[in-house]
Amino acid sequence: MDVLPRAVRWSSALAAQRRDQAIVALESSVLAQGLPVPANRDAERRMRTAVETHHAVPAVLAVDRGVPTVGLDGEALERFLRRDGVRKVSSRDLGWAVAQGLDGATTVAASLALCVAAGIEVFATGGIGGVHREPAFDEAADLLELSRSPVIVVCAGAKSILDLPATLERLESYGVAVIGFGTDEFPGFFTRHTGLPVTASTDDVAVIARAFRAHRALGLRGALLVVQPPPAAEALDGALVATAVDRALGEARAAGVTGAAVTPFLLAAVERATAGASLAANLALLEANAALAAQIAVALRETDASAAGYPPLNAQGTPV
Ligand code: PSU
Ligand code: MN
């Protein structure tokens, strides 16, 4: 009998599908804290549909009344969408949330920890956390968790509220591979361009699958971060975002916001400053990232089936 990892509970729908289908994990903090009600409901539906359209199975990760869960659904998902007493849970908070029986919406960091516990290899989100511009030393736990979670993470870069060059430097120090999908620039979450180069890029999901298998075969523990720009129709202009972020940072300073509240506060402030345009961009990129993650998850299964592990690569990275 196939024994499921006991640390996490798979929803019954997913437990039945997990062996035959490609699974894409989705975070819940973006639903319960990052996006406003009712747009969060829209985001969940759009991500789910995007994954299914591309022949994979979506699995929202969360701590459901103390139970680390893969595939949050039904009434539990409703509580998270209504954000009824749901707290933001990072990796360090997981044990506590379980012990106290709390509802916890998992950040990228906590979601990666759950992916590792559950054996899920593909995860989609909007933008990762990173090095903040202020105060010094505010750095999302996402970066540390990326350094030790062998998971393909699909995102639109890191949020524009962050110090992006510093975030990229940290990703390099931590051994996190960054691959541009259809771009050779690190995207700016709300914006398509940042002028910051990535060292690898492709527009072929099979190449990503093979690179990940090679990475794993070497025993490397870091994540593979796949970054794609937000869809052109909804992406924002760089100057508009720069002004909005400056305003948001000023408001955060004036309000004395600190700790885990900073990111949700800044995202809401940017939304006000852009008259809602940042929200439309956020939803569109979440959907696009979920779609790409599904294609990668399917390619990963095909890579495994065709090569029983990973294919040997020649010096050009082409299978031989
Ligand atoms: N990106 C978004 N919305 C979000 C987040 C990221 O577009 O809500 C969340 C993610 O869960 C990410 C977290 O892991 O913010 C980072 O928070 P902090 O900076 O407090 O570590
Ligand atoms: Mn922080």
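The paragraphs below set out a description of the structure included in this document.

Cut-offs used in this document
Residues numbered from 1 in each chain as written. Chains lettered and ligands numbered in written order. Predicted model: local features only at pLDDT ≥ 70, side-chain atom pairs only at ≥ 80, totals over all residues. Heavy atoms only, no water. Near = heavy atom within 4 Å. Polar contact = N/O pair within 3.5 Å; in protein donor to acceptor, adjacent residues only side chain to side chain. Areas by Shrake-Rupley, 256 points an atom, 1.4 Å probe, with all protein chains shown as cover. 1 Å grid on protein atoms, 1.4 Å probe; cavity = no way out; pocket = protein on both sides within 12 Å on 5 of 7 lines; lining within 4 Å. Sits in = over half its atoms within 2 Å of the grid points. Helix = DSSP H or I, 4+ residues; strand = E, 2+ residues; numbered from the N terminus. Contact = heavy atoms within 4.5 Å. Buried < 20%, exposed > 50% of the residue type's maximum accessible area, 1.4 Å probe, protein only. Pairing = 2+ DSSP bridges. Points joined across faces, edges and corners; volume = space filled by probe spheres on them. Nonpolar A, V, L, I, M, F, W, Y, C, P; charged D, E, K, R; others polar. Core = buried A, V, L, I, M, F, W, Y, C linked by side-chain atoms within 4.5 Å.

A look at the site of ligand 1
Now for step 1: In the vicinity of ligand 1 there are 16 residues, among which Glu-27, Lys-88, Val-108, Asp-142 and Thr-263 approach most closely.
Now for step 2: Lys-88 has a polar side-chain atom sitting 2.9 Å from an oxygen atom of ligand 1.
Now for step 3: The side chain of Asp-142 places a nitrogen or oxygen atom 2.7 Å from an oxygen atom of ligand 1.
Now for step 4: In isolation ligand 1 exposes 480 Å². Once the protein is present, 93% of that is buried.
Now for step 5: Mapping ligand 1 onto the cavity grids shows that it belongs to the largest pocket.
Now for step 6: Of all the elements in the fold, those that place two or more residues in the shell around ligand 1 are helix H2 (29-34) and helix H11 (262-273).

Let's talk about the side chain of Thr-106
Now for step 1: For Thr-106, the location among the structural elements is in strand E6 (residues 104-106).
Now for step 2: Not counting residues up to four positions away in its chain, the partners in contact with Thr-106 are Glu-27, Ser-28, Ser-29, Leu-61, Ala-62, Val-63, Val-89, Leu-94, Ser-111 and Leu-114.

Things to note about the pairing of strand E2 (residues 22-26)
Now for step 1: By the criterion of burial, E2 is predominantly enclosed, with 5 of the 5 residues buried.
Now for step 2: A two-sided burial pattern is seen for E2, the buried positions comprising Ala-22, Val-24 and Leu-26 on one face and Ile-23 and Ala-25 on the other.
Now for step 3: Inspection of the sheet shows E2 paired to strand E3 (residues 56-64) by 5 bridges, in the parallel sense. Each bridged residue has a counterpart across the sheet, and for Val-24 the counterpart in E3 is Pro-58.

Observations concerning the layout of surface pockets
Now for step 1: In this structure, the largest pocket occupies an estimated 640 Å³ of space.
Now for step 2: When contributions to the lining of the largest pocket are tallied by element, the ones reaching two or more residues are H2, strand E5 (87-89), helix H7 (141-147), H11 and helix H12 (277-307).
Now for step 3: Residues belonging to the lining of the largest pocket are distributed by class as follows: 11 nonpolar, 13 polar and 8 charged.
Now for step 4: Lining the second largest pocket are 15 residues, with Arg-18, Gln-21, Gly-119, Glu-121 and Arg-301 sitting closest to its centre.
Now for step 5: Looking at the lining of the second largest pocket, the elements with two or more residues in it are E2 and H12.

Quick look at the pairing of strand E9 (residues 177-181)
Now for step 1: Of all 5 residues in E9, 4 are buried, a share of seventy percent or more.
Now for step 2: Where E9 meets strand E11 (residues 224-227), 4 bridges bridge the pair, whose relative direction is parallel. Residue Gly-180 lies in a different strand from E11, and its bridge partner there is Val-227.
Now for step 3: Two elements, E9 and strand E10 (residues 200-202), share 3 bridges in a ladder whose sense is parallel. Considered in E10, the bridge of Gly-180 is made with Ser-201.

With respect to empty space enclosed by the protein
Now for step 1: Scanning all chains against the criterion turns up 1 cavity of 30 Å³ or more.
Now for step 2: Around the largest cavity sit Gly-34, Leu-35, Pro-36, Phe-190, Leu-267, Glu-271, Ser-278, Leu-279 and Asn-282, which together line it.
Now for step 3: Taken together, the elements giving at least two residues each to the lining of the largest cavity come down to H11 and H12.
Now for step 4: Of the residues forming the lining of the largest cavity, the biggest block, 3 residues, is contributed by H12.
Now for step 5: The class makeup of the residues in the lining of the largest cavity is 5 nonpolar, 3 polar and 1 charged.

A short note on the nonpolar core
Now for step 1: In terms of nonpolar packing, the biggest core is built from 106 residues, with Val-24, Ile-128, Leu-146, Ile-152, Leu-171, Phe-186 and Leu-225 touching the most fellow members.
Now for step 2: Among the elements that make up this core, the one with the highest residue count is H12 (14 residues).
Now for step 3: When sequence neighbours within four positions are dropped, the list of residues in contact with Val-24 reads Val-51, Ala-56, Val-57, Pro-58, Ala-59, Val-122, Ala-124, Ala-293, Ala-294 and Ala-297.

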